[in-house]
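# Observations on chain architecture
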Amino acid sequence: MVITNNTLPTVDAGSAVCATGSVDLDGTVSGSFSGSPSDIFTEAQSESASYSGETALADPNWSSSDNWKGNTSSTQSDDTGPNGPKYGTDYIYYEASGSGNSGGTYTLTSSNITASGISIDFWFHAYGSGITNFKLESYDGSSWTQRWIVTGQQHGSNGAAWTNVTVNLANYTVTKLRFRLTNSSFMSDIALDGINVTS
(Lines give C-alpha, C1' and ligand atoms only; values in the text may rest on other atoms or scores of the structure.)
Protein backbone atom coordinates (compact mmCIF):
# COMPACT_ATOMS: atom_id res chain seq x y z
CA MET A 1 0.00 0.00 0.00
CA VAL A 2 1.46 3.38 -1.03
CA ILE A 3 -0.12 6.64 0.10
CA THR A 4 1.06 10.00 -1.20
CA ASN A 5 -0.47 13.00 0.50
CA ASN A 6 0.70 16.59 0.64
CA THR A 7 -1.57 17.78 3.42
CA LEU A 8 -3.02 16.20 6.53
CA PRO A 9 -6.52 14.77 6.05
CA THR A 10 -9.40 16.49 7.79
CA VAL A 11 -11.94 14.32 9.58
CA ASP A 12 -15.21 15.66 10.98
CA ALA A 13 -17.76 13.58 12.89
CA GLY A 14 -20.13 11.99 10.42
CA SER A 15 -18.08 12.91 7.34
CA ALA A 16 -15.64 11.22 5.01
CA VAL A 17 -11.88 11.78 4.98
CA CYS A 18 -10.81 14.65 2.72
CA ALA A 19 -7.27 14.55 1.38
CA THR A 20 -5.31 16.65 -1.10
CA GLY A 21 -3.01 14.60 -3.31
CA SER A 22 -3.26 11.02 -4.48
CA VAL A 23 -4.06 7.77 -2.75
CA ASP A 24 -2.81 4.57 -4.38
CA LEU A 25 -3.94 1.29 -2.86
CA ASP A 26 -1.92 -1.79 -3.68
CA GLY A 27 -3.17 -4.62 -1.52
CA THR A 28 -5.99 -7.00 -0.80
CA VAL A 29 -8.58 -6.66 1.93
CA SER A 30 -10.22 -9.92 2.92
CA GLY A 31 -12.60 -11.12 5.63
CA SER A 32 -16.24 -10.68 6.41
CA PHE A 33 -18.42 -8.20 8.20
CA SER A 34 -21.85 -9.17 9.40
CA GLY A 35 -22.98 -5.77 10.63
CA SER A 36 -24.82 -5.09 13.86
CA PRO A 37 -26.09 -8.00 15.97
CA SER A 38 -29.70 -9.02 15.40
CA ASP A 39 -31.99 -9.12 18.41
CA ILE A 40 -33.65 -12.43 19.29
CA PHE A 41 -34.82 -11.87 22.88
CA THR A 42 -34.63 -8.42 24.48
CA GLU A 43 -35.12 -6.72 27.81
CA ALA A 44 -37.76 -4.51 26.19
CA GLN A 45 -39.79 -7.61 25.29
CA SER A 46 -39.52 -8.88 28.86
CA GLU A 47 -40.74 -5.53 30.19
CA SER A 48 -43.98 -6.03 28.25
CA ALA A 49 -45.06 -8.54 30.92
CA SER A 50 -46.00 -5.54 33.14
CA TYR A 51 -45.89 -7.24 36.53
CA SER A 52 -47.44 -5.71 39.61
CA GLY A 53 -45.50 -6.80 42.67
CA GLU A 54 -44.77 -10.53 42.81
CA THR A 55 -46.66 -12.20 39.97
CA ALA A 56 -46.73 -15.48 38.02
CA LEU A 57 -44.13 -15.48 35.25
CA ALA A 58 -45.52 -14.02 32.01
CA ASP A 59 -42.35 -13.35 30.03
CA PRO A 60 -42.76 -13.69 26.23
CA ASN A 61 -39.33 -15.36 25.86
CA TRP A 62 -38.76 -17.36 29.05
CA SER A 63 -40.95 -19.98 30.77
CA SER A 64 -40.85 -22.52 33.58
CA SER A 65 -42.94 -25.11 35.35
CA ASP A 66 -40.97 -24.30 38.51
CA ASN A 67 -41.57 -21.36 40.84
CA TRP A 68 -39.98 -18.61 38.68
CA LYS A 69 -41.90 -15.34 38.96
CA GLY A 70 -41.91 -11.72 37.91
CA ASN A 71 -41.46 -8.96 40.48
CA THR A 72 -41.23 -5.20 40.73
CA SER A 73 -39.70 -4.80 44.21
CA SER A 74 -38.00 -6.97 46.86
CA THR A 75 -38.78 -10.66 47.30
CA GLN A 76 -40.92 -11.89 50.21
CA SER A 77 -38.02 -13.33 52.25
CA ASP A 78 -35.47 -11.28 54.18
CA ASP A 79 -31.75 -11.83 53.53
CA THR A 80 -32.19 -13.12 49.99
CA GLY A 81 -33.02 -11.66 46.59
CA PRO A 82 -32.56 -8.09 45.29
CA ASN A 83 -34.45 -5.05 46.54
CA GLY A 84 -35.68 -4.20 43.03
CA PRO A 85 -34.93 -4.49 39.30
CA LYS A 86 -31.68 -3.61 37.59
CA TYR A 87 -33.52 -2.16 34.56
CA GLY A 88 -37.01 -0.93 33.91
CA THR A 89 -39.80 -1.76 36.33
CA ASP A 90 -39.49 -5.53 36.84
CA TYR A 91 -37.27 -8.59 36.83
CA ILE A 92 -37.45 -12.41 36.84
CA TYR A 93 -36.58 -14.36 39.98
CA TYR A 94 -36.93 -17.75 41.61
CA GLU A 95 -39.15 -17.76 44.71
CA ALA A 96 -37.62 -20.42 46.95
CA SER A 97 -40.13 -20.15 49.81
CA GLY A 98 -42.89 -22.72 50.07
CA SER A 99 -43.14 -26.49 49.92
CA GLY A 100 -41.16 -28.11 47.11
CA ASN A 101 -39.28 -24.95 46.13
CA SER A 102 -35.92 -25.75 47.72
CA GLY A 103 -33.57 -28.70 47.93
CA GLY A 104 -33.55 -29.32 44.19
CA THR A 105 -32.78 -27.85 40.77
CA TYR A 106 -35.15 -25.35 39.14
CA THR A 107 -35.09 -24.36 35.48
CA LEU A 108 -35.98 -21.29 33.41
CA THR A 109 -36.02 -22.09 29.67
CA SER A 110 -36.04 -19.88 26.58
CA SER A 111 -38.28 -20.13 23.55
CA ASN A 112 -36.87 -21.83 20.46
CA ILE A 113 -33.89 -20.24 18.73
CA THR A 114 -33.34 -20.70 14.99
CA ALA A 115 -30.54 -18.18 14.35
CA SER A 116 -26.79 -18.92 14.44
CA GLY A 117 -23.92 -17.04 16.05
CA ILE A 118 -25.71 -16.67 19.38
CA SER A 119 -24.58 -14.44 22.25
CA ILE A 120 -26.37 -13.76 25.53
CA ASP A 121 -25.94 -10.79 27.84
CA PHE A 122 -27.71 -10.63 31.21
CA TRP A 123 -27.57 -9.29 34.76
CA PHE A 124 -28.01 -11.50 37.80
CA HIS A 125 -28.36 -11.06 41.56
CA ALA A 126 -27.40 -14.03 43.74
CA TYR A 127 -27.88 -13.11 47.39
CA GLY A 128 -28.85 -15.92 49.75
CA SER A 129 -27.01 -18.57 51.78
CA GLY A 130 -29.15 -21.33 50.25
CA ILE A 131 -27.78 -20.86 46.72
CA THR A 132 -25.72 -23.91 45.74
CA ASN A 133 -24.99 -22.97 42.13
CA PHE A 134 -26.49 -21.13 39.17
CA LYS A 135 -25.86 -22.20 35.56
CA LEU A 136 -26.49 -21.24 31.97
CA GLU A 137 -26.85 -24.16 29.56
CA SER A 138 -27.43 -24.37 25.80
CA TYR A 139 -29.32 -27.02 23.83
CA ASP A 140 -28.20 -28.16 20.38
CA GLY A 141 -31.26 -30.19 19.51
CA SER A 142 -30.16 -33.35 21.29
CA SER A 143 -28.40 -32.49 24.56
CA TRP A 144 -27.84 -29.70 27.09
CA THR A 145 -24.32 -28.37 27.77
CA GLN A 146 -23.18 -26.10 30.60
CA ARG A 147 -21.76 -22.79 29.32
CA TRP A 148 -21.43 -20.71 32.51
CA ILE A 149 -21.70 -21.29 36.28
CA VAL A 150 -21.32 -19.52 39.63
CA THR A 151 -21.19 -21.37 42.95
CA GLY A 152 -22.73 -20.06 46.17
CA GLN A 153 -24.10 -16.60 46.81
CA GLN A 154 -22.34 -13.84 44.86
CA HIS A 155 -23.79 -10.77 46.56
CA GLY A 156 -23.73 -9.66 50.18
CA SER A 157 -27.04 -7.85 50.52
CA ASN A 158 -30.38 -7.08 48.88
CA GLY A 159 -29.00 -3.72 47.76
CA ALA A 160 -25.72 -5.01 46.31
CA ALA A 161 -25.06 -4.07 42.69
CA TRP A 162 -26.20 -6.59 40.09
CA THR A 163 -23.51 -8.47 38.12
CA ASN A 164 -23.31 -8.39 34.31
CA VAL A 165 -22.41 -11.48 32.27
CA THR A 166 -21.86 -11.94 28.54
CA VAL A 167 -21.51 -15.45 27.11
CA ASN A 168 -20.48 -15.83 23.46
CA LEU A 169 -22.00 -19.01 22.02
CA ALA A 170 -21.20 -18.27 18.38
CA ASN A 171 -19.15 -21.47 18.01
CA TYR A 172 -22.05 -23.70 19.06
CA THR A 173 -25.38 -24.79 17.67
CA VAL A 174 -28.00 -23.30 19.99
CA THR A 175 -31.70 -24.08 19.70
CA LYS A 176 -32.63 -23.17 23.29
CA LEU A 177 -31.07 -21.69 26.42
CA ARG A 178 -31.86 -22.34 30.05
CA PHE A 179 -30.87 -21.09 33.49
CA ARG A 180 -30.70 -23.66 36.32
CA LEU A 181 -30.69 -22.88 40.03
CA THR A 182 -29.70 -25.57 42.52
CA ASN A 183 -30.47 -24.64 46.13
CA SER A 184 -30.50 -26.02 49.65
CA SER A 185 -33.02 -23.75 51.41
CA PHE A 186 -35.54 -20.95 50.93
CA MET A 187 -32.66 -18.45 51.19
CA SER A 188 -32.03 -18.60 47.46
CA ASP A 189 -34.19 -16.03 45.65
CA ILE A 190 -31.88 -15.62 42.65
CA ALA A 191 -32.82 -12.96 40.08
CA LEU A 192 -32.28 -12.10 36.41
CA ASP A 193 -32.78 -8.86 34.49
CA GLY A 194 -31.73 -7.25 31.24
CA ILE A 195 -31.59 -10.54 29.35
CA ASN A 196 -30.64 -9.90 25.73
CA VAL A 197 -29.97 -12.67 23.22
CA THR A 198 -28.50 -11.70 19.84
CA SER A 199 -27.10 -13.36 16.75
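Higher on the page you've got the structure.
Read on for a plain summary of the structure. (Residues numbered from 1 in each chain as written. Predicted model: local features only at pLDDT ≥ 70, side-chain atom pairs only at ≥ 80, totals over all residues. Heavy atoms only, no water.)

### Examining the sheet that holds strand 10 (residues 131-139)
Strands in a sheet are paired, the pairing made by backbone hydrogen bonds, and the direction either parallel or antiparallel. The antiparallel open sheet is built from five strands, whose spatial order is 5-8-13-10-11. In this open sheet, the two strands that pair with only one neighbour each are strand 5 (62-63) and strand 11 (144-151). Across seven bridges, strand 10 lies against strand 11 in antiparallel orientation. Paired with Leu136 across the bridge in strand 11 is Trp148. (Pairing = 2+ DSSP bridges. Helix = DSSP H or I, 4+ residues; strand = E, 2+ residues; numbered from the N terminus.)

### Observations concerning the nonpolar core
Counting residues in each nonpolar core, the largest one holds 31 residues, and the members touching the most others are Trp62, Trp68, Ile120, Phe122, Phe134 and Phe179. Looking at which element gives the most residues to this core, the answer is strand 9 (residues 118-125), with four residues. With sequence-adjacent residues up to four places away left out, Phe122 is seen in contact with Leu136, Trp148, Thr163, Asn164, Val165, Val167, Phe179, Leu192, Asp193, Gly194 and Ile195. Counting five residues, the second-largest nonpolar core is a separate cluster that includes Tyr91, Tyr93, Trp162 and Ala191. (Core = buried A, V, L, I, M, F, W, Y, C linked by side-chain atoms within 4.5 Å. Buried < 20%, exposed > 50% of the residue type's maximum accessible area, 1.4 Å probe, protein only. Contact = heavy atoms within 4.5 Å.)

### A closer look at unusual backbone geometry
The phi dihedral of Ser50 falls on the positive side, at around 50°, and the residue is not glycine. Relative to the assigned elements, Ser50 resides in the loop between helix 1 (43-47) and strand 4 (55-56). Under the relative-accessibility criterion, Ser50 is labelled exposed at 57%.

Keep in mind that these numbers describe shape and distance, not what the molecule does.
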